[in-house]
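# Chains, contacts and geometry: an overview
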Amino acid sequence: MWRGSVRGSSAPGTSQSPVDLGSPVAGTEGELVINYRTSLVFAREADSTLEFKVASGSAIAYGRRRYGLNQFHFHTPSEHAIGGELAVAEIHFVHMDRDGNPAVVAVFVDENGESKGPRRLEQGMPMGLLLPESTTHYAYDGSLTTQPFSEGVKWMILTERVTMHPSWIEAFCERYGPNNRPVQPLNGRTITLG
Ligand SMILES: [Zn+2]
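Values in this document were obtained by computation on a predicted structure and should not be read as measured data.

### Brief notes about the confidence of the model for the chain
Confidence along the chain averages 88 in pLDDT terms, with 90% of residues attaining 70 or more. The element-level mean pLDDT for the chain is lowest in helix α1 (residues 2-7), coming to 41, with strand β8 (residues 81-82) highest at 98. Contacts of residues 1-10 to residues separated by more than four positions or lying in other chains number 9 contacts, the stretch itself having pLDDT below 50.

### Some words on the coordination of the zinc ion
Around the zinc ion, the protein contributes the donor atoms His73 (NE2), His75 (NE2) and His92 (ND1), which lie 2.0 to 2.1 Å from the metal centre. Motif for the zinc ion, donor spacing along one chain: H-x1-H-x16-H. Of the two residues, histidine 73 sits in strand β7 (residues 65-75) while histidine 92 sits in strand β10 (residues 89-96), which places them 19 residues apart along the sequence. Taken as a pair, histidine 73 and histidine 92 share a single burial class, namely buried.

### What about the packing of aromatic side chains?
Counting across every chain of the model gives 10 aromatic pairs. An angle of 75° between the planes, with centres 6.2 Å apart, marks the rings of phenylalanine 72 and phenylalanine 74 as edge-to-face. Like phenylalanine 74, phenylalanine 72 is buried. Residues phenylalanine 74 and tryptophan 168 carry aromatic rings whose centres are separated by 4.8 Å and whose planes lie at 50° to one another, so their mutual orientation is tilted. Residue phenylalanine 74 is located in strand β7, and its partner tryptophan 168 is located in helix α2 (residues 166-176); the two are separated by 94 residues in the primary sequence.

Thresholds applied
Residues numbered from 1 in each chain as written. Predicted model: local features only at pLDDT ≥ 70, side-chain atom pairs only at ≥ 80, totals over all residues. Heavy atoms only, no water. pLDDT = per-residue confidence, 0-100. Helix = DSSP H or I, 4+ residues; strand = E, 2+ residues; numbered from the N terminus. Contact = heavy atoms within 4.5 Å. Donors = N, O, S within 2.8 Å, 3.2 Å for Na, K, Ca; no water. Buried < 20%, exposed > 50% of the residue type's maximum accessible area, 1.4 Å probe, protein only. Phe/Tyr/Trp six-rings, centres within 6.5 Å; stacked < 30°, edge-to-face > 60°.

See below:
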């Protein structure tokens, strides 16, 4: 039901996500420091995706704020686009600062048959495995991409990508199908890159 209204012209707000990142301006909004540790993760199905709740201890610093990592989940294909192009998947790392302000770090995924297969995670998930080396990122102010599409979300989309095995992507798609929200209008917002 809500999908119909969202895909129409009556979006819930004017600063929605995802967007096309194709026309960024140079310069960063703030330095991004990612400090994830090996953590226990708990998988659960939520909102047409597989969500991994992360035990506390992992965080990012952005500007002068610290945001704790709550969970990460996947979208296939990607939600954010670059010049109209989608990646095969996108990982969202969802954080919250202590005042309840959300920040999401997004990572594009490419397929690569050479990448390592699944591993046993009884000792916890080395969260860094899901991240590229570089923290160069696009940044803009947007919204949740699922209901209730609340705005005031700080988005940081890393430019460097990670790879996953095509069989994993295929298995995810089979179960959850396309679960990407379409690109939303920028409405004058600025995207920075740095
Ligand atoms: Zn998401």
